[in-house]
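# Observations on chain architecture
Now for the letters of each chain:
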Amino acid sequence: MLHWTRKLGAVLLAAFLSCAILTPCQARISASGVAIGGVALGTTPWQVKKIYGEPTDMRRVYSKSDGGYITQYLYGNSYSITFYELPGGSYADFINCSSDNGLATPAGVLVGMAESVLTSVYGAPDVKSEDPTSHITRYIYKTWSPRGEELIFLVQRGKVVNMCACYE
């Protein structure tokens, strides 16, 4: 009986490994990898100010569609964090970086890097789309999280020109 159980276990292990090897890899990143410049989705305004100080500009608007306020912190003209206000507080829900200002993703990707860095760091994107008019290619990398976090990179002429962390 023990001999038969070992053979069955070996066959099941071999089947699992062959499926794992033959299944194409999906470019899913961890939720903790969805951040820019040390600010992740869900970060509070107080935490952002602790890192960067007071924003150089701030905008607050009422969203009729959501029935709540949205506040945006701007740091210079290339880094912004948008907070969605909920009854329990405000939380970052969109982080955008549009220039080579030294702010990176947790994996070390910066605006200005070569397009090839994206696939070498993150693998094939979950979504890749090209706009022939603007010559911009969009790479989207999603998490496995049910919250739907994603990193989006815009590439033009072989270089990353913008990156953002947001919810799907």
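## What about the side chain of Thr-43?
- Relative to the helices and strands, Thr-43 resides in the loop between β3 (39-40) and α2 (45-52).
- At 2.6 Å, the side chain of Thr-43 forms a polar contact with the backbone oxygen of Ala-40.
- Residues in contact with Thr-43, not counting those within four places in the same chain, are Val-48, Phe-83, Ser-90, Tyr-91 and Ala-92.

## Focus: the confidence of the model for the chain
- For the chain, mean pLDDT is 86; residues scoring 70 or higher make up 84% of the total.
- For the stretch residues 1-25, pLDDT sits under 50, and the model shows 0 contacts to residues farther than four places along the chain or on other chains.

## Comments concerning the side chain of Ser-145
- Its place among the elements puts Ser-145 in the loop between β9 (136-143) and β10 (149-156).
- Of the polar contacts made by the side chain of Ser-145, one reaches the side chain of Glu-149; its length is 3.0 Å.

## Some words on the nonpolar core
- Ile-36, Tyr-79, Ile-81, Ile-95, Leu-118 and Phe-153 are the most contacted members of the largest nonpolar core, which has 27 residues in total.
- At the level of elements, β5 (68-75), β6 (79-86), β7 (89-97), α3 (116-122), β9, β10 and β11 (159-167) are the ones that each hand at least two residues to this core.

## Focus on the pattern of salt bridges
- Enumeration according to the criterion identifies 5 salt bridges in this entry.
- Here Arg-59 and Asp-57 are joined by a salt bridge, their closest N and O atoms 3.8 Å apart.
- Given a relative accessible area of 34%, Asp-57 falls into the partly exposed group.
- With a shortest N-O distance of 2.8 Å, Glu-149 and Arg-147 are connected by a salt bridge.

Reading the values: rules and limits
Residues numbered from 1 in each chain as written. Predicted model: local features only at pLDDT ≥ 70, side-chain atom pairs only at ≥ 80, totals over all residues. Heavy atoms only, no water. Helix = DSSP H or I, 4+ residues; strand = E, 2+ residues; numbered from the N terminus. Polar contact = N/O pair within 3.5 Å; in protein donor to acceptor, adjacent residues only side chain to side chain. Contact = heavy atoms within 4.5 Å. pLDDT = per-residue confidence, 0-100. Core = buried A, V, L, I, M, F, W, Y, C linked by side-chain atoms within 4.5 Å. Buried < 20%, exposed > 50% of the residue type's maximum accessible area, 1.4 Å probe, protein only. Salt bridge = Lys/Arg side-chain N within 4 Å of Asp/Glu carboxyl O.

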